[in-house]
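Residues per chain are reported as follows:
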Amino acid sequence: MDFILRPWRREDVDDVLRYANNEEIACNLRDVFPHPYIRTDAETFIGSCIAADEEKQLFRAIEVDGRAVGSIALCLGSDVYRMTAELGYWLAEEYWGKGIMTEAVKQICWEGYDRWEDLVRIYAEPFDYNAGSRRVLEKAGFQLEGILRRSVCKRGRVYDSCMYSLLYEEMDPYERALHPHRAQ
Ligand SMILES: CC(C)(COP(=O)(O)OP(=O)(O)OC[C@H]1O[C@@H](n2cnc3c(N)ncnc32)[C@H](O)[C@@H]1OP(=O)(O)O)[C@@H](O)C(=O)NCCC(=O)NCCS
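Definitions and cut-offs
- Residues numbered from 1 in each chain as written.
- Predicted model: local features only at pLDDT ≥ 70, side-chain atom pairs only at ≥ 80, totals over all residues.
- Core = buried A, V, L, I, M, F, W, Y, C linked by C-beta atoms within 7 Å.
- Buried ≥ 20, exposed ≤ 12 C-beta atoms within 10 Å, placed from the backbone.
- Helix = DSSP H or I, 4+ residues; strand = E, 2+ residues; numbered from the N terminus.
- Contact = placed C-beta atoms within 7 Å.
- Near = placed C-beta within 6 Å.
- Nonpolar A, V, L, I, M, F, W, Y, C, P; charged D, E, K, R; others polar.

**Q** In this structure, what is going on with the nonpolar core? I would like to understand it.
**A** Across soluble globular proteins, nonpolar side chains have a tendency to be buried as a group. One finds Ile62, Tyr89, Leu91, Ala104 and Val105 to be the most contacted residues of the largest nonpolar core, which totals 44 residues. In terms of residue count, the dominant contributor to this core is helix H4 (residues 100–115) (seven residues). The contact partners of Tyr89, leaving out residues within four places of it in the chain, are Gly70, Ser71, Ile72, Met101, Ala104 and Val105.

Structure representation (structure tokens):
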């Protein structure tokens, strides 16, 4: 299904409110993504995305047919983690299973590697029960590095989480050749 990644706009508040207020999404994310999800949550989220310093954070709306139906972000680490970025994302439930997030992950990884020339590693930490997200990462070329045992407390229960990563040198070699300003 066709989509674009683009910067967030204040006018996206109603879409975020409509799609993010979903327990099926919230149960797979950190508690900073609340449920119920109310207007001030959407306003605060979009405000922080718009204000973000793109030297360190890339926040993108996933737009389908003119509506913001999801979110994807890369956040660069600091200190000894400054060459690493964390990936996070969610998509409106009615758009699941159409291949959107797999392609969105590939696109934002390239944007991160293009924009931040020191970046060597992108990682994501889905909860172990999040089979859909784990599949997305695997389809996008991420490798499972390990299971972080009993690392997450969600809704009063303790779960394992998974560490997935995609190193720059593991990006598709054909695509890498299309990005010649990066050291190969
Ligand atoms: C996870 C999520 C982003 C996936 O987005 P999507 O656009 O539906 O993903 P895609 O269509 O690109 O790929 C999904 C893959 O997972 C598979 N999948 C989905 N649910 C699954 C399940 N319960 N068990 C096994 N595989 C599953 C799909 O079949 C598909 O794989 P396939 O192409 O081999 O058939 C979306 O479900 C979502 O927003 N979930 C809630 C928030 C979330 O989990 N965010 C990530 C936190 S780490």
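**Q** Would you take a moment to explain unusual backbone geometry for this structure?
**A** As a rule of thumb, non-glycine residues mostly have phi less than zero, and peptide bonds are mostly trans rather than cis. In the segment running from His35 into Pro36, the intervening peptide bond is cis, with an omega of 0°. Assignment of secondary structure puts Pro36 in the loop between helix H2 (23–26) and helix H3 (39–51). Non-glycine residue Asp65 carries a positive phi angle of around 50°. On the secondary structure map, Asp65 appears in the loop between strand E2 (57–64) and strand E3 (67–76).

**Q** Help me understand the site of the ligand in this model?
**A** In the neighbourhood of the ligand, 21 residues make up the surrounding shell, with Asn28, Met101, Ala131, Gly132 and Arg135 lying closest. Residue assignment for the shell around the ligand shows that the elements contributing at least two residues are strand E4 (84–91), H4 and helix H5 (131–139). A per-element tally of the shell around the ligand places H5 first, with five residues. A class-by-class count of the residues in the shell around the ligand yields twelve nonpolar, seven polar and two charged.

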